[in-house]
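# Notes for the structure review
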Amino acid sequence: MELDVLLKGASERGASDVHLKLRQPPVVRVDGALEPLDGWEPLTDTDLAHALQAVVESSPARLGRMEDGELDLAYSSDGLPRFRVNCFRQRGAVSLAFRVIPDVAPTFGELNLPAGVERLANEERGLILVTGASGVGKTTTLAAMIDEINRTRRQHIVTVEDPIEFLHHDRNCIVNQREVGIDTVSFHTALRSVLRQDPDVILIGELRDVETAETALQAAETGHLVLSTMHTIDAAETIGRLIEFFPGAKQPQVRSIIAGVLRGVISQRLLPRTDGGRIPAVEVMVMNARIDELIREHRTHELPAAIEEGSFHEMQSFQQALIGLVLSGDVEPELAANASTNKHDFLIELEHSLKRQKAEEKGWVDPRSEHAGAGTVR
């Protein structure tokens, strides 16, 4: 099996992911669904061994780590996009999962991201978190934000990643990208010294433990812009999880620190588009006085309402994002309902919004009037 030929075919098919498993033909993910890659026979042990060898030879510093049963790294070859690769053992055999990484960081417009994301990318200091499940585009959103900073400022950007995915070349900024396992031993080692490297912007691949969270908060407190990810579904859960990293006695102090340094939370879910491909539904929380108060007073359960009412600050909730995608015709109503946090509430609000849209199209309601947002029609 020629790995590059396989990956080229998957890329031309429009795959976002490629899965290689013993006694199965290569499987690709296209528009969120898995399907076999045409023209390939079931893979043998020899095929998988050759694929593993090709991947680890592209990053020899990581060769010994497969002894632990898994290996994370990036793979690139002439004529191909870059791939994030996870190699792992299952039932005694090797499997590999490839994630396609575009050659160039996309823009906010190309990603269909709301205005609040660009607003947060223009922050000079503080903590910004991009959250969501695996595979919803968190890394891609961060890449767009880093690219925006790289184009519009003259600063020093340091990233700590495992592995490096998007490659950022120096434009107006100096960009130093450090890969765990190659450029540094661990996240902790890299983050202990990052503040001595004169950074303006620090990207941490993921906040996964108390040490990483503590460093991120410390860097944000000292005037740096810190960007990272978490595997949480929305802003309320993100702040709760961040606080829970710390022991109970420290949590009141941590809430106060978070309220002081947090600039925003971007949470994403990907949905199939009606015309093919996928589109993000994005919740955007931007720090303001009300949200500061809710965090300090341990009232994060009230954050969804504050986000829904924060359009002046370019905030939007998941429900608002999903309804907007339905009204624009980008997403089918049933798919949006299934992706919502509360399906019943979503369907009621969607019905009101559809009636309001119809009334506006017929000229029954002025969309700029104060009553237009309440679903009032005559």
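Here goes a summary of the coordinates provided. (Residues numbered from 1 in each chain as written. Predicted model: local features only at pLDDT ≥ 70, side-chain atom pairs only at ≥ 80, totals over all residues. Heavy atoms only, no water.)

### Some details on the nonpolar core
Stated precisely, the cut-off is as follows: Buried residues of nine kinds, namely Ala, Val, Leu, Ile, Met, Phe, Trp, Tyr and Cys, make up a nonpolar core once their side-chain atoms join them within 4.5 Å. Exposure categories follow from relative accessible area, calculated using a 1.4 Å probe and restricted to protein chains: below 20% of the type maximum is buried, above 50% is exposed, and the middle band is partly exposed.
Counting residues in each nonpolar core, the largest one holds 64 residues, and the members touching the most others are Leu-127, Met-145, Leu-262 and Met-285. Grouped together as the second largest cluster of nonpolar side chains are 28 residues, Ala-15, Val-28, Val-56 and Leu-71 included.

### A closer look at the pattern of salt bridges
Operational definition: Think of a salt bridge as a Lys or Arg side-chain nitrogen and an Asp or Glu carboxyl oxygen that are within 4 Å of each other. For the purposes of this entry, the term helix denotes a DSSP run of H or I that reaches at least four residues, the term strand denotes a run of E that reaches at least two, and both are numbered from the N terminus.
As enumerated under the stated definition, the model contains 21 salt bridges in all. Two residues, Glu-35 and Arg-13, come together in a salt bridge whose shortest N-O distance is 2.5 Å. Separated by 22 residues along the polypeptide, Glu-35 in strand E3 (residues 33-36) and Arg-13 in the loop between helix H1 (3-12) and strand E1 (17-20) bring together distant segments of the chain. By relative accessible area, Glu-35 is classed as partly exposed at 23%.

### Examining unusual backbone geometry
Outside of glycine, negative phi angles account for most residues, and trans bonds account for most peptide bonds. With an omega of -5°, the peptide bond between Asp-162 and Pro-163 qualifies as cis. As for its position among the elements, Pro-163 is in the loop between strand E8 (156-161) and strand E9 (174-179). Non-glycine residue His-298 carries a positive phi angle of around 60°. By secondary structure assignment, the location of His-298 is in the loop between helix H9 (289-296) and helix H10 (303-308). Non-glycine residue Glu-314 carries a positive phi angle of around 65°. With respect to the helices and strands, the residue Glu-314 is situated in the loop between H10 and helix H11 (318-327).

### Some thoughts on the environment of Arg-299
Counted only if it meets this: What qualifies as a polar contact is a pair of N or O atoms within 3.5 Å, subject to a donor-acceptor requirement within protein and to the restriction that residues adjacent in sequence count only when both atoms come from side chains.
With respect to the helices, strands and loops of the structure, Arg-299 is situated in the loop between H9 and H10. Spatially, the C-alpha atoms of Arg-299 and Gln-197 are 37 Å apart, while their sequence positions differ by 102 residues. A polar atom in the side chain of Arg-299 sits 3.3 Å from the side chain of Glu-293.

### Some thoughts on the pairing of strand E4 (residues 70-75)
Heads up, the rule is: Strands pair, by our definition, only if DSSP identifies at least two bridges between them.
For E4 and strand E5 (residues 82-90), the ladder comprises 6 bridges, and the chain directions are antiparallel. Bridge assignment links Glu-70 to a residue of E5, and that residue is Phe-88.

### So, the sheet that holds strand E7 (residues 126-131)
Put simply, the rule reads: With axes taken as lines fitted to C-alpha atoms, and helix axes fitted only over the stretch in contact, angles between N-to-C directions fall between 0 and 180 degrees. Residue contacts are counted whenever heavy atoms from the two residues lie within 4.5 Å of one another.
Across the sheet, which stays open at both edges, the 7 strands sit in the order E9-E8-E10-E11-E7-E12-E13 with mixed pairing between neighbours. At either margin of the open sheet sits one strand with a lone partner, and together these are E9 and strand E13 (278-286). With direction set aside, neighbouring strand axes in the sheet form an average angle of 15°. Of the pairings in the sheet, the one linking E8 to strand E10 (residues 201-204) comprises 4 bridges and is parallel in character. Along E10, the bridge assignment pairs Val-158 with Ile-202. Strand contacts of helix H8 (residues 251-261): E7 and strand E12 (262-272), with the helix running at about 80° to E12, the strand carrying the most contacts.

### Remarks on the packing of aromatic side chains
Test applied: Each Phe, Tyr or Trp ring (for Trp, its six-membered ring) is paired with any other whose centre lies within 6.5 Å, and the angle between the two planes then decides the class: stacked below 30 degrees, edge-to-face above 60, tilted in between. Placement of a charge over a ring requires the Lys NZ or Arg CZ to be within 6 Å of the ring centre, with the centre-to-atom vector within 35 degrees of the ring normal.
In total, this model carries 1 aromatic pair according to the counting rule given. Geometry around Phe-318 places Arg-269 over its ring, the cationic atom sitting 3.7 Å from the centre.

### What to know about the pairing of E12
Burial of E12 is extensive: 8 of the 11 residues sit out of reach of the surface. Examined bridge by bridge, E7 and E12 share 5 bridges and lie parallel to one another. Within E12, the position partnered with Thr-131 by the bridge is Ser-267. Sheet topology note: the E12/E13 ladder contains 9 bridges and is antiparallel. Paired with Ser-267 across the strands is Glu-283, a residue of E13.

### Quick look at the sheet that holds E4
Across a sheet, paired strands are connected by hydrogen bonds in the backbone, their directions being either parallel or antiparallel. The strand order across the open sheet built from 6 strands is E3-E2-E1-E6-E5-E4, with neighbouring strands paired in antiparallel fashion. Strands at the two margins of the open sheet, each flanked by one partner only, are E3 and E4. Across the sheet, the mean angle separating the axes of adjacent strands is 20° when strand polarity is ignored. Strands E1, E4, E5 and strand E6 (93-101) of the sheet are contacted by helix H2 (residues 45-57), whose axis makes an angle of about 50° with E6.

### Brief notes about helix H13 (residues 343-361)
Using the following cut-off: A helix is expected to span 1.5 Å multiplied by its residue count minus one.
Over its 19 residues, H13 extends 26 Å from the first C-alpha to the last, a length consistent with the 27 Å expected when each residue adds 1.5 Å. Within H13, burial applies to Phe-346, Leu-350, Ser-353, Arg-356 and Ala-359. On the buried face of H13, the contacting elements are H11 and helix H12 (333-339). Just downstream of H13 lies Gly-363, where phi reads positive at about 80°.

### Structural notes on the side chain of Arg-178
Rules: Only four residue types enter the charge count: Lys and Arg as positive, Asp and Glu as negative, with His and the chain ends excluded.
In this fold, Arg-178 is placed in strand E9. Buried charge without a partner: Arg-178 forms no salt bridge, and the closest opposite charge is Asp-183, 5.9 Å away. With residues near it in sequence (within four places) discarded, Arg-178 still touches Thr-159, Val-160, Glu-161, Ile-164, Asp-183, Thr-184, Ala-190, Ser-193 and Gln-197.

### Focus: the environment of Ser-58
Relative to the helices and strands, Ser-58 is located in the loop between H2 and E4. Through-space distance from the C-alpha of Ser-58 to that of Tyr-75 is 6.4 Å; in sequence the pair is 17 residues apart. Dropping the residues within four chain positions of it, Ser-58 is found in contact with Leu-73, Ala-74 and Tyr-75.

### Overview of the side chain of Asp-147
Looking at where Asp-147 falls in the secondary structure, it is placed in helix H4 (residues 138-152). Relative accessible area serves as the criterion here: at 13%, Asp-147 is assigned to the buried category. Setting aside residues no more than four positions away along its own chain, Asp-147 makes contact with Ala-105, His-168 and Arg-171.

Purely geometric numbers; function is a separate question.
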